[in-house]
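Descriptive analysis of the structure
Chain by chain, the residues:
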Amino acid sequence: MSTLKDRLTADMRAALKARDELTTSTLRMALAAVGTAEVAGKEKRELSDDEVLAVLTKEAKKRREAATAFADAGRAEQAGKETAEGEVLERYLPKQLSDDELAELVSGALAAGGFTGKAQMGPAMKAAQAAVAGRAEGGRVAAEVRRQLGL
């Protein structure tokens with residue numbers, strides 16, 4: 001079992017003993033998503049820490065999007081719950097890059113690859129995503145790449 005998955009399980013058990021319902025339910029949901037990812041495909045396999053991190057990132061993004069949707073619909077209570085769940089998941093994710101750090105990394109990746117213009121958006125995104133290594137959302141990275149390529 002991966003160490004991140006072990007940490008999630010241990011933290012969920014601790015939250016269960018402490019009767020922390022929000023953390024318990026959020027970590028249960030996260031572990032269920034990890035379990036689903038493990039059985040996806042032709043055969044069951046253990047996920048690496050990076051793969052578990054990718055699942056957690058996806059779940060945190062779902063929470064942010066749901067919170068925004070609930071808030072826009074005037075459902076503050078549900079929006080608050082989704083935001084709180086997202087905050088629990090954020091504990092397990094790497095610290096997100098600031099806008100300046102993101103701009104610097106994207107600039108370096110574009111310069112290293114010699115990317116210019118709209119036709120090279122795909123390869124430029126691939127290089128930028130590799131440089132960022134999951135420390136910023138894809139949408140933020142894409143927006144910065146577009147900005148720097150002048151699109």
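The structure presented is a predicted model; accordingly, all values stated were derived computationally and were not measured. (Residues numbered from 1 in each chain as written. Predicted model: local features only at pLDDT ≥ 70, side-chain atom pairs only at ≥ 80, totals over all residues. Heavy atoms only, no water.)

Among the secondary structure elements, Arg63 is positioned in helix H3 (residues 49-72). A relative accessible area of 11% places Arg63 in the buried class. The contacts of Arg63, once residues within four sequence positions are left out, are Met29, Glu82, Glu85, Gly86 and Leu89. (Helix = DSSP H or I, 4+ residues; strand = E, 2+ residues; numbered from the N terminus. Buried < 20%, exposed > 50% of the residue type's maximum accessible area, 1.4 Å probe, protein only. Contact = heavy atoms within 4.5 Å.)

With that out of the way, let us pick up the pattern of salt bridges. For side chains of opposite charge, pairing can occur when their charged atoms come near one another. Going through the model one piece at a time under the given rule, you end up with 12 salt bridges. Residues Arg64 and Glu90 are paired through a salt bridge, measuring 3.0 Å at the closest nitrogen-oxygen approach. Pair noted here: Arg64 is in helix H3 and Glu90 is in helix H4 (residues 76-90), with a separation of 26 residues, a long-range link. You can call Glu90 partly exposed: its relative accessible area is 32%. One network of salt bridges, with partners in common, ties together Glu59, Lys62, Arg63, Lys81, Glu82 and Glu85. (Salt bridge = Lys/Arg side-chain N within 4 Å of Asp/Glu carboxyl O.)

In this section: helix H7 (residues 138-149). In this model, H7 (12 residues) spans 16 Å end to end at C-alpha, consistent with the 16 Å of a helix rising 1.5 Å per residue. If you follow the buried residues of H7, they end up packed against helix H5 (99-113) and helix H6 (121-132). Gly150 occupies a position one or two residues after H7 and carries a positive phi of about 75°. (Expected span 1.5 Å × (residues − 1).)

Taken domain by domain, the chain holds domain 1 (4-91) and domain 2 (99-149). Here the C-alpha centroids of domain 1 and domain 2 sit 28 Å apart. (Domains from an automatic or database assignment.)

We now examine the nonpolar core. Across soluble globular proteins, you tend to see nonpolar side chains buried next to one another. By size, the foremost hydrophobic cluster in this structure holds 17 residues, and its most contacted members are Leu8, Leu27, Val52, Leu56 and Tyr92. Listed by contribution, the elements that provide at least two residues to this core are helix H1 (3-17), helix H2 (21-39), H3 and H4. Top contributing element to this core by residue count: H2, with 5 residues. (Core = buried A, V, L, I, M, F, W, Y, C linked by side-chain atoms within 4.5 Å.)

Take the packing of H1 against H3 next. For the pair H1 and H3, the least separation of the axes is 7 Å and the interaxial angle reads 50°. The orientation of H1 relative to H3 falls into the category oblique. Of the residues in H3, those in contact with Thr3, Leu4, Lys5 and Leu8 of H1 are Asp49, Val52, Leu53 and Leu56. Classifying every residue of the contact of H1 with H3 by side-chain character gives 5 nonpolar, 1 polar and 2 charged. (Axes fitted to C-alpha atoms, helices over the stretch in contact; angles between N-to-C directions. Parallel < 35°, antiparallel > 145°, perpendicular 65-115°, else oblique. Nonpolar A, V, L, I, M, F, W, Y, C, P; charged D, E, K, R; others polar.)

Axes are the key here: two packed helices are described by the angle between their axes and the distance separating the axes. At their nearest, the axes of H1 and H2 sit 9 Å apart, and the two run at 150° to each other. Between H1 and H2, the angle falls in the class roughly antiparallel. Our pair here, H1 against H2, has a crossing hand that is left-handed. Across the interface between the two elements, Lys5, Leu8, Thr9, Asp11, Met12, Ala15 and Leu16 from H1 touch Thr23, Thr24, Leu27, Arg28, Leu31, Val34 and Glu38 from H2. Looking at the contact of H1 with H2 residue by residue, the classes come out as 7 nonpolar, 3 polar and 4 charged. (Left-handed = near helix turned anticlockwise from the far one by under 90°.)

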